Amino acid sequence: MKDQLSNRINSLPVSATLAMAAKARELKAEGKDIISLSLGEPDFNTPDFIKEAAIQAVNDNYSSYSPVDGYADLKDAIITKFKRDNGLDYKPSQIVVSTGAKQSIANIAMVLLNPGDEVLLPAPYWVSYSAIAILGEATPVEIPSSIDTDFKITPAQLEAAITPKTKMIFFNSPNNPSGVIYSEAEYRALAKVLEKHPNIYVLSDEIYEHINYGQKAFSFAAIESMYDRTITVNGVAKAFAMTGWRIGYIGGPEWIARACNKLQGQITSGANCIAQRATIAALEAPISKIKYMVDEFHKRRDMILDLLGKIDGFKLNIPGGAFYVFPDISAFFGKEIKGHKINCASDFSLFLLAEANIATVSGESFGSPNCIRISYAASEAQLREAVSRIEKALA
Ligand SMILES: Cc1ncc(COP(=O)(O)O)c(C=O)c1O
């Protein structure tokens, strides 16, 4: 029946991270002892103060449709957050709350992209960026990087990738999957290039901003020349361990916010009202309230870098944020291990699943075909066991 489906859906790739997670779940259901390091979500419970705000909202009978772009007091909390954390000034008319940052990104793509437009994706990039650009009938254009440049692109590469068709760049720092955080100077150098091309819009995805290990994340919109053409995307999923609550938001030019509001009004309406109330509690809390999670991720990052660093063939950068390591494993390409031919990152990832019962995600879908993504949002014991299994599988 595939030919009955729209070209739109037929051209859409399946999310590689969700596909691997589904495969891991399937194997677990068959009784296999799988350690899943494939998904991008904190292994913490949502903090109690946020849960209590949600319970209060239920008891206060928050049960009707909210405004499409979010409750006014949630928008106020978002405005205060943008000022406090990013030095950004937004008015309520510039804010739209959505069902996860994923919807925020999809909204932006749908309201800005036309067929034939090109979307620049500094690689590695989050898997859904290319799919969302394709849904917007645009062409994703990768700007490659490698571990040798700490997975960062240069201004010269950006300049070279721009064509008259370039409409947007999707930028993400701290980065999923590499964990890399661009410095303010690096942002400014990229902005210098964009200043020469006033018709290019920037989607700045800052969802991992609070999960950093000392280097503070910067915002594209904090550069004066970029403010009017940057849409800042953020959400509560990662920093507040609220992946399932599904709240994301944007701050951006009013005309873009208005268009997102219009689109959302025809597709989902306002985001879940209880989750919106809980998000107010999350955003109004001092950042120190979530520090225990960041500290734990920091400890695990150091541990997994230390353990993986001892395995021959694993080339590692030091991620400054997020909760992933992204080793370059191309040293294994062309080898045969335990009957598995390893010619690409997918082969290696499938080998780890088959021989070590470890679920990771191949770098191909992130635009980095030499790497695999390993999430360390798992317990210390699980991480130690996982690395020891990888070592044994490779022995
Ligand atoms: C870089 C990046 N942006 C956006 C999202 C989506 O966030 P949400 O769960 O709020 O839709 C994710 C989730 O994995 C992500 O890694």
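Residues numbered from 1 in each chain as written. Predicted model: local features only at pLDDT ≥ 70, side-chain atom pairs only at ≥ 80, totals over all residues. Heavy atoms only, no water.

Looking at an unreviewed UniProt entry, one finds the protein named Aminotransferase and attributed to Lutibacter flavus. Entered under Cofactor (unreviewed entry) in the UniProt record, the comment concerning the protein runs "pyridoxal 5'-phosphate". One UniProt comment on the protein, placed under Sequence similarities (unreviewed entry), says "Belongs to the class-I pyridoxal-phosphate-dependent aminotransferase family." (UniProt positions renumbered as here; feature names shortened; annotations may be inferred.)

### Quick look at the site of the ligand
Surveying the vicinity of the ligand reveals the residues G100, A101, K102, W126, N172, N176, D205, I207, Y208, A237, K238 and R246. Here the ligand loses 92% of its free accessible area of 400 Å² to cover by the protein chains. Class assignment of the residues belonging to the shell around the ligand gives a composition of five nonpolar, three polar and four charged. (Near = heavy atom within 4 Å. Areas by Shrake-Rupley, 256 points an atom, 1.4 Å probe, with all protein chains shown as cover. Nonpolar A, V, L, I, M, F, W, Y, C, P; charged D, E, K, R; others polar.)

### Things to note about the packing of aromatic side chains
For the structure shown, the criterion picks out 25 aromatic pairs. Ring plane angle 25° and centroid distance 5.6 Å describe the contact between Y90 and Y227, whose orientation is recorded as stacked. Pair noted here: Y90 is in the loop between α4 (72–86) and β2 (95–98) and Y227 is in helix α9 (residues 224–227), with a separation of 137 residues, a long-range link. Looking at Y90, the relative accessible area reads 6%, which means it is buried. When the ring of F323 is compared with that of Y324, the centres are 5.0 Å apart and the planes differ by 55°; the resulting orientation is tilted. A residue is classified by how much of its surface remains accessible, and F323, at 0% relative accessible area, is buried. The class for Y324 is buried, based on a relative accessible area of 0%. An aromatic cluster of at least three residues, connected via ring pairs, comprises F44, Y208, Y292, F297, F323 and Y324. The ring of Y71 has R277 lying over it, and the distance from NZ or CZ to the ring centre is 4.9 Å. Taking the ring centre of F49 as reference, the NZ or CZ of K289 above it sits at 4.4 Å. (Phe/Tyr/Trp six-rings, centres within 6.5 Å; stacked < 30°, edge-to-face > 60°. Helix = DSSP H or I, 4+ residues; strand = E, 2+ residues; numbered from the N terminus. Buried < 20%, exposed > 50% of the residue type's maximum accessible area, 1.4 Å probe, protein only. Lys NZ or Arg CZ within 6 Å of the ring centre and 35° of its normal.)

### Details of the UniProt feature "domain: Aminotransferase class I/classII large" (unreviewed entry) in the protein
Under the UniProt annotation, "domain: Aminotransferase class I/classII large" (unreviewed entry) lies at residues 32–390. Its end C-alpha atoms 16 Å apart, residues 32–390 is made of 38% helix and 15% strand.

### Examining the pairing of strand β8 (residues 248–251)
By the alternation rule, side chains of β8 split into G248 and I250 and Y249 and G251, which are all buried. Summarising the sheet, β2 and β8 pair through four bridges and their orientation is antiparallel. Residue pairing in the sheet places V96 in a bridge with I250 of β8. Here strand β7 (residues 230–235) pairs with β8 via four bridges, running antiparallel. Within β8, the position partnered with G235 by the bridge is G248. (Pairing = 2+ DSSP bridges.)

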